[in-house]
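Letter by letter, the chains look like this.
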Amino acid sequence: MMPDGLPLSLPLIRNCLEGIVPSVLATADPAGMPNVSMISHVQYVDPEHVALSYQFFNKTRRNLLATRLASVAVVDPDTDAQYRLAIEYVETQTSGPLYEVMKAKLAGIASHAGMQSVFRLLGSDVFRVRSIEVMPSRVVPQRLGCNLLSAARRTCDQIGATRDLGDLFDAVLAGMQQHFGIEHAMIMMHDQVEGRLYTVASRGYPVSGIGSEVHLGEGVIGVAAQQGVPIRIGHMASEYSYGAAVLDSARAAGLDWPGDTAIPYPGLDAPQSQIAMPIVRCGKTIGVLFAESPEPNQFGYDEEDALSLVAGQLSALIAVLQEEEETEPAQVPVVPDAGEGREIRMRHYAADNTVFVGHDYLIKGVAGAILWKIAGEHAASGRVEFTNRELRLDPALRLPEYAENLEARLVLLQRRLAEREAGIRIDKCGRGRFRLVVDGPLALEDV
Amino acid sequence: MPRAPEPLTPEFDIAARQAAQDDGVLTPDLEDHIQSGISVVIGVAGPGMAPVATVGCGCRVLPNGRLRILLMRAGNETLLDMVARGAGIAATFSRPINHRSIQVKGMLADIAEPTPDDRALAARQHDGLRRDLIGINYPPAFAAAYCAVNEADLVAVDMTPDAAFVQTPGPNAGAELKR
C-alpha cells in the first residue's frame, strides 16, 4: 500500500518504466543460484504486465526460461522513488505492436548510450506482475509539469468547435501547442492503397511539408501506422530518422534522389523525442498525429495517454465532418467564368496522376487526379463548382469505397495550391461543395 | 541509460584475467574495481526461494578474501531473511562511465554487522558513484538522492566468491573470468 492508502499499482509507477535509469534484474537457475544484471528498460504493457527486452541468449534468459520467476528493482528518474516488482514469465513476442514499441524505445536508448551495435531486440518477454513493493529511498520532490488531463480536455473542447476538416487539423496542432506546449507537430493521413502517409497539416517548421510522404513502416510515424499503436522514442536513433530512411529506400530501389517530385518532409533536423499516435477508426489506422522535440525524453506514458484522447476525438470529428458533407444535396451549378490573367499551363502524367503547373511539381496520386478532372471540366465548360459527392462516385478517380479519405485529399490539394501560388485556388462554398478559382485560362497537356 | 564516454567491451576483462597469474576468483585488479565506488546491484536466491533484486551501497574485500557487501536494511528484510536461511548472493559492480561490469557469485553468505569503518566506506564509495552519475549527465539532485546512504541503517552480507563473470555489454558478455 502507498502511504496515503491507495493500492500500489503499475500505472502509478510508469515513470520508472521509461528506460531513463537502468533497472536491476535478479533471476535464479534451477539450483537456486542467483544472477543479477542491469537492464536498459522495463516496458509497461498493461496494469498487470510488464515486458523485458530479450537481446541476448545469456544466463538471465536461460534462468527465465527454466524458473520463470524474477525480481526487478526500478527507479523513478525524476524522484528517485524505488520499487521492487516480483514478476513471472508469460511469453515472448517477436513481432507485433508491443515488439515494435520496444524496438523503437530500445533504439533510442541504444543511440543515447552509444550501444547501437550491441543492443538488438530479439523479442519482448512478457511478465505478469505478482507484487509491487516500495523500496525506501530518498525521494526528491517532483517538478510541476503540464496538467495533461486538463490539456487534453481543453484541446478537445477547442477542436470540437471546428466545422471544416482543414480547420480541424489546424486546431488540433494549435491546441497541442497552446495546452501541451508541443511546438513541432504534424498530421498525416493514411493512403491505404499506396501504403503511404501524406502530410495534411504541420506546425512549428520552416516549411509546411504539406503533401510530403512517409511509407508504412518507416520511422516512428510509419511504424505507428503499420502497427496501429503509439510509438515513442526518447533519443533519436538513426534507424528511425526519415532522411536516412528515404535516401536508403531510394537507393535500394536503384533510384537517384527523387528530385523535383518529392515534397521535402518538414520534420526537425535533429529531433530527440518523437511520438506518433495512430488515428484509428473502426480498428483501422486512418492517419497519424505526430509530435517531436529537440529535447530528449519529452513524451512519456502520460503524454501518450493524453494525446490518445486528442487523437480519438480527432478521429470522431473527422467522421462527423465527412458525414455532414455527404448529407449535402448535390448541386452542379455552371458559371461561365474564364480568368483574365496569364495562361496557366498544367501538365498531367497519367501513370501516377502527377500534375505540374508551369515547370513546378504540384501534386500526384488521388489529389492529382482530382485536380486534373476539375481542371478539365473547367477548361471544357467553364464549370467552377463541384461537389465532394460527385468526386467520390467518379469511377475515373478510382477512390476505394472503404474509409478512403476524400476530404483529406481536398485539404491537401487546397493547401498545396495555396502554397505554390499556382494561380489556382479551391475554396469551400458550402457543405460538401467547393469552387475552382483560376487567375487565367488553363492550358492542359496530358502526357 | 546515458552514454559512457569511454566504453569498454567484455574482451578487456577476459584478456586481463587470462593474462593474470592468479588462481583466486578475483585478481587484485578486479578487487580494486569492485571497491572503487561504483554501482552495486544485488540478487539473492536459493533452493526453493524466488530471486529478489536490490541495490547495494558499497563493498570491501575482507582480509580472509571474502567480500563484505553493504546495503540498507530497510526494504531488504525479505532478502536478508533469505540469506539467513542459506540463500546465495550475486552482485554486479558497474562503472557508469565505461560500462565495465563484473558479477561475483557465491552460495555461502552470512549477515554481519558493519563496523564504523564499513559505514564510512559505504558513504565514501556511494559518493564516488554520485560523482560518476553527474559526470554522465544525471541531474545532480537525482544523483545525490540515489546515492544517499543512511549509515545507521546499513547492514553487511559477507560472501565467499565462487566465480566471477564479465557483464560489460558486448560480445562474450557473461563469460566466466578464470585462468
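Residues numbered from 1 in each chain as written. Chains lettered and ligands numbered in written order. Predicted model: local features only at pLDDT ≥ 70, side-chain atom pairs only at ≥ 80, totals over all residues. Heavy atoms only, no water.

(A) Region of interest: unusual backbone geometry. Residues and elements named next belong to chain A. Phi at D80 takes a positive value of approximately 70°, unusual for a residue other than glycine. Taking relative accessible area as the criterion, D80 reaches 0% and is therefore assigned buried. Positive phi, close to 50°, is recorded for E421, a residue that is not glycine. Take E421: it is sitting in the loop between α10 (406-420) and β18 (424-428). (Buried < 20%, exposed > 50% of the residue type's maximum accessible area, 1.4 Å probe, protein only. Helix = DSSP H or I, 4+ residues; strand = E, 2+ residues; numbered from the N terminus.)

(B) Seen up close, helix α3 (residues 77-84) of chain B. Residues and elements named next belong to chain B. Within the span of α3, buried status applies to L79, L80, M82 and V83. Across the axial projection of α3, the buried residues extend over an arc of 155°, all falling on one side. Buried residues along α3 sit against β1 (39-46), β2 (49-55), β4 (67-72), β7 (108-112) and β8 (154-160). G86 sits one or two residues past α3 and shows a positive phi near 100°. (Arc of directions from axis to C-beta. Contact = heavy atoms within 4.5 Å.)

(C) Summary view of the domain arrangement of chain A. Taken domain by domain, chain A comprises domain 1 (10-135), domain 2 (148-327) and domain 3 (344-446). Computed from C-alpha coordinates alone, the two centres of domain 1 of chain A and domain 3 of chain A are separated by 52 Å. (Domains from an automatic or database assignment.)

(D) View of the sheet that holds strand β6 (residues 82-93) of chain A. Residues and elements named next belong to chain A. Read from one edge of the open sheet, seven strands run β2-β1-β5-β6-β7-β4-β3, paired in antiparallel fashion. At either end of the open sheet lies a strand with only one pairing partner, and these are β2 (34-39) and β3 (42-46). Here the average twist between neighbouring strands, direction ignored, is 35°. Where strand β5 (residues 69-75) and β6 come together, seven bridges link them in antiparallel fashion. The partner of L69 across the bridge, within β6, is E88. On top of the sheet, helix α1 (residues 59-67) reaches β1 (23-28), β2, β4 (49-54), β5, β6 and β7 (123-135); it is set at about 55° to β1, its chief contact. (Pairing = 2+ DSSP bridges. Axes fitted to C-alpha atoms, helices over the stretch in contact; angles between N-to-C directions.)

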